[in-house]
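Understanding the architecture of this molecule
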Amino acid sequence: MQLVAVDIGGTHARFAMAEVEAGRVASLGEAVTLKTADHPSFQLAWEEFARLSGGTLPPAVAIAVAGPVGGELIRFTNNPWIIRPALIPEKLGAPDYVVVNDFAAVAHAVAQADEAHFIHLCGPDVLLPEEGTISVVGPGTGLGVAQLWRQRGSYHVQPTEGGHIDYAPLDKIEDAILARLRGRHRRVSAERVVAGPGIVDIYETLASIEGRAITSLTDKELWALGTSGEDSLAAAAVDRFCLSLGSVAGDLALAHGASALVMAGGLGLRIKDTLVRSGFAERFSAKGRFEGLMAAMPVKLITHPQPGLFGAAAAFAQAHS
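Residue positions within a chain follow its written sequence, with the count starting from 1. Where totals are concerned, whole chains, interfaces and linings use all residues; where local detail is concerned, this predicted model gives features only for residues with pLDDT of at least 70, and gives and counts side-chain atom pairs only at 80 or more. To get the side-chain values, take all heavy atoms of the structure and skip hydrogens and water.

1. Some details on the packing of aromatic side chains
Only centres within 6.5 Å qualify two rings of Phe, Tyr or Trp (six-membered ring in Trp) as a pair; their planes then separate them into stacked at under 30 degrees, edge-to-face at over 60, and tilted for everything else. Applying the stated criterion across every chain yields a total of six aromatic pairs. Each ring, one from F15 and one from F49, has its centre 5.0 Å from the other, and the planes form 20°; the classification is stacked. Pair noted here: F15 is in strand β2 (residues 12–21) and F49 is in helix α1 (residues 42–52), with a separation of 34 residues, a long-range link. A single burial state applies to F15 and to F49, both of which are buried. Taking 6.4 Å as the distance between ring centres and 65° as the angle between the ring planes, the aromatic pair formed by F42 and W46 counts as edge-to-face. Labels follow the DSSP assignment, with helices taken as runs of H or I lasting at least four residues and strands as runs of E lasting at least two, numbered in each case from the N terminus. Only protein chains enter the accessibility calculation, which uses a 1.4 Å probe; a residue is then buried when its area is under 20% of its type maximum, exposed when over 50%, and partly exposed in between.

2. Structural notes on the pairing of strand β14 (residues 299–302)
Two faces belong to every sheet, and in a regular strand the side chains alternate between them. Burial along β14 is two-sided: V299 and L301 and K300 and I302, pointing in opposite directions, are all buried. Sheet analysis places strand β13 (residues 260–263) next to β14, joined by three bridges and oriented parallel. Note on β14: the bridge partner recorded for L261 is V299. A pair of strands is considered paired only if DSSP assigns at least 2 bridges between the two.

3. Thoughts on a nonpolar patch on the surface
Surface patches are drawn from residues lacking salt bridges whose relative accessible area is over 30%; two like charges belong together within 9 Å, two nonpolar side chains (Val, Leu, Ile, Met, Phe, Trp, Tyr) within 5 Å. Here the accessible surface of atoms and residues is derived via Shrake-Rupley with a 1.4 Å probe, and residues count as covered only by protein chains that are part of the display. Salt bridge, as used here: a side-chain nitrogen of Lys or Arg that lies within 4 Å of a carboxyl oxygen of Asp or Glu. Together, L254, F290 and L293 give the surface a local cluster of nonpolar side chains, amounting to about 270 Å² of exposed area. Structurally, L254 is set in helix α8 (residues 232–256).

Next up, the structure:
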């Protein structure tokens, strides 16, 4: 069965032709990326993709959206598009459709991607388990968290808001990071520290500890400086980010009763070498009486180039199998 897979974010919408068979993704075509600002509505972007694809699209679509799903109306934080799922058959000519949260789509990608699309981060270098729970964690603009549960050859994806658990510092530096954030937020969630924008507060806290004048830099600038090694303080902030991410990821895996964890997202790919060299692994397993359990848990990074599109197609395949 052919369908169109769509992954909609704030700035870009990605489209690709896909084919599914027997509950799994059989193929995913080349992605076409359109700027949401160039198209006043999703339907107009859909029509542009149809034009680029030769004019006719299959009557089936899988859509991953950056935001909550399930209501009568889907709005986006950073673009003016509105999607009414009930009107998809009429507006897009696609009576068969699935709409999923973008990070739920990533978890579907973890469930169906080939082993070649995973690299080892820490713990035993073994295949992901075919039974039990896998935690999926993705630091990006926010902190995406989902659970993937496998049993007897089938699986279930449970989206969560796990990125909004309380942030728990483990040393004096993290105490200082928390104090800085608490000056602006009554409650400090994990996402405030271990999502991409959190690098700013980490960097500024380290600058304050060092007694340096705080230079106002964006998170994108700090990630570039820190990962390239051009700025030693930015590099220290990246290392500290990895430590905190290890702690948070371990907490989530422990809470989920997971037997493995998969990191996802473009930021994870950018810092994969730093993650391996940093204290991420030690922090992941530093859970007191459960340290042995955590150290025996495989932790991997998914490297699929389009996990949102692949995962949307996988969600469709599962729903229509």
